[in-house]
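Residue-level structural notes
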Amino acid sequence: NVPDNPTACLEPLVPSGSVTTARTSVRESFSVTIFKGHVLLCTLVLCFAYITLNFVEYGLAYGEPRILREAVSNNPMPGAWQLFTKHMGSVPVRIVVVLPAVWLGPKGSMVLGFSFMSIGLLLFVWAASKSQWTAGTASAYYFGQALPGVGLIQAWIGAFQLPLDIYPAELAVTGSGLCIACGRVGSISAPYIFEIVYGRGWQTYWNFMAASSAMAAVTCYVVLPASSAGETTEETKDRLHNI
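No experiment lies behind these values; they were computed from the predicted model shown.

The next point concerns the nonpolar core. Ranked by size, the top nonpolar core spans 47 residues in total, and within it Met-110, Phe-114, Trp-206 and Leu-224 carry the most contacts. Counting only elements with at least two residues in this core, the list comes to α2 (37–70), α4 (98–128), α5 (135–166), α6 (172–198) and α7 (202–223). Ranked by the residues each element gives to this core, the list is headed by α2, at 13 residues. Beyond its immediate chain neighbours, meaning those up to four positions away, Trp-206 contacts Leu-60, Gly-63, Glu-64, Ile-67, Leu-121, Phe-124, Val-125 and Phe-194.

Structure representation (structure tokens):
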């Protein structure tokens, strides 16, 4: 027999106001957590790291085709073929970088990735600015062109894992969402900043990306937590929240 009120059977399972109370409790817990001592500093550093990762990734995607076509003239290979070989080579690299990420941990992966990004960007500026195309210049050019992509992959592996280590389980998704939302600032602003500084020379934009990456590497190394030997994720969270 079908009851007159089909939802009556669900009423004992969902007490009145329980959903609203649960949502309010989660919001209050998140507010207390992110504004508590060292966790707040970690949240700010993570947000800056996400902004930098998006800024460099979208900045390269937008600016590199432009400079290869208009500004960089010392390379005999056409710009389209340079981008094709670069991105084809990144396919196996994405598989290889997982191995050191497992050994380094999330924090180590981010520090190493940002360091690769900064070194690669500066190396590319140096090689692309040379007037003569020699074997040494070519090696530095292609190495500097590929290294930021490797660093991006390495850093993203750690960036997606660290919020899960910092925030409690019930708030990990919300904390990750906050960092991802901040990262959109970098992806949106990258093309506009490129157009603003392009008139002063493309090297200015590349140097700015390198400086941001270096700053992210330093702040991640100094601020973000690292798991001790044999320490579980929950033990890392407890140690962090007691600071």
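Tallying each qualifying case throughout the model produces 14 aromatic pairs. A network of ring pairs unites the aromatic residues Phe-55, Tyr-62, Phe-124, Tyr-141, Tyr-142, Phe-194, Tyr-198, Trp-202, Tyr-205, Trp-206 and Phe-208 as a single cluster. A cation over a ring is seen here: Arg-66 above Tyr-198, with NZ or CZ 4.8 Å from the ring centre. The ring of Tyr-221 has Lys-107 lying over it, and the distance from NZ or CZ to the ring centre is 5.2 Å.

The next subject is the environment of Ala-217. Checked against the element boundaries, Ala-217 lands in helix α7. Each C-alpha atom, one on Ala-217 and one on Leu-112, is 7.5 Å from the other, the two residues being 105 residues apart in sequence. Those residues within four positions of Ala-217 in sequence are excluded, and the remaining contacts are Val-111, Phe-114 and Ser-115.

Taken together, Met-77, Trp-81, Phe-84 and Met-88 make up a surface patch of nonpolar side chains, about 430 Å² in accessible area. Relative to the assigned elements, Trp-81 resides in helix α3 (residues 79–96).

Given a rise of 1.5 Å per residue, 27 residues ought to cover 39 Å, and the 39 Å separating the end C-alpha atoms of α6 matches this to within 8%. Helix geometry: α6 is bent most strongly at Ser-189, by close to 40 degrees, with proline Pro-191 lying one to four residues after it. Restricting attention to buried positions, one finds in α6 the residues Ala-172, Gly-175, Ser-176, Cys-179, Gly-183, Gly-186, Ser-187, Ala-190, Phe-194, Val-197 and Tyr-198.

This next bit is on the packing of α6 against α7. It is at 8 Å that the axes of α6 and α7 come closest, and there the two elements cross at 135 degrees. Judged by the inter-axis angle, α6 sits oblique to α7. Helix-helix and strand crossings are classified by hand; for α6 and α7 the assignment is right-handed. Each of Ala-190, Ile-193, Phe-194, Val-197 and Tyr-198 in α6 lies in contact with α7, whose residues at this interface are Trp-202, Thr-204, Tyr-205 and Trp-206. Of the residues contributing to the contact of α6 with α7, the split by class is eight nonpolar, one polar and no charged.

Next up on the list: the environment of Cys-47. Looking at the element boundaries, Cys-47 is found in helix α2. Residue class for Cys-47 comes out buried when judged on its relative accessible area of 9%. Placed 136 residues apart in sequence, Cys-47 and Gly-183 show a C-alpha to C-alpha distance of 6.7 Å. Those residues within four positions of Cys-47 in sequence are excluded, and the remaining contacts are Leu-178, Cys-179 and Cys-182.

Moving on to the pattern of salt bridges. Counted according to the given criterion, the structure contains one salt bridge. For Arg-66, the salt bridge goes to Glu-195, with nearest N and O atoms at 2.7 Å. Taken together, the residues Arg-66 in helix α2 and Glu-195 in helix α6 connect sequence positions 129 residues apart.

What follows concerns the environment of Ala-127. Within the secondary structure, Ala-127 is located in helix α4. On a C-alpha basis, the gap between Ala-127 and Thr-137 in space is 5.4 Å, while along the polypeptide they are ten residues apart.

Calculation criteria
Residues numbered from 1 in each chain as written. Predicted model: local features only at pLDDT ≥ 70, side-chain atom pairs only at ≥ 80, totals over all residues. Heavy atoms only, no water. Core = buried A, V, L, I, M, F, W, Y, C linked by side-chain atoms within 4.5 Å. Buried < 20%, exposed > 50% of the residue type's maximum accessible area, 1.4 Å probe, protein only. Helix = DSSP H or I, 4+ residues; strand = E, 2+ residues; numbered from the N terminus. Contact = heavy atoms within 4.5 Å. Phe/Tyr/Trp six-rings, centres within 6.5 Å; stacked < 30°, edge-to-face > 60°. Lys NZ or Arg CZ within 6 Å of the ring centre and 35° of its normal. Patch = residues over 30% accessible without salt bridge, like charges linked within 9 Å, V, L, I, M, F, W, Y side chains within 5 Å. Areas by Shrake-Rupley, 256 points an atom, 1.4 Å probe, with all protein chains shown as cover. Salt bridge = Lys/Arg side-chain N within 4 Å of Asp/Glu carboxyl O. Expected span 1.5 Å × (residues − 1). Bend = angle between axes of the 7 residues up to and from the residue. Axes fitted to C-alpha atoms, helices over the stretch in contact; angles between N-to-C directions. Parallel < 35°, antiparallel > 145°, perpendicular 65-115°, else oblique. Left-handed = near helix turned anticlockwise from the far one by under 90°. Nonpolar A, V, L, I, M, F, W, Y, C, P; charged D, E, K, R; others polar.

Keep in mind these numbers describe shape, not what the thing actually does.
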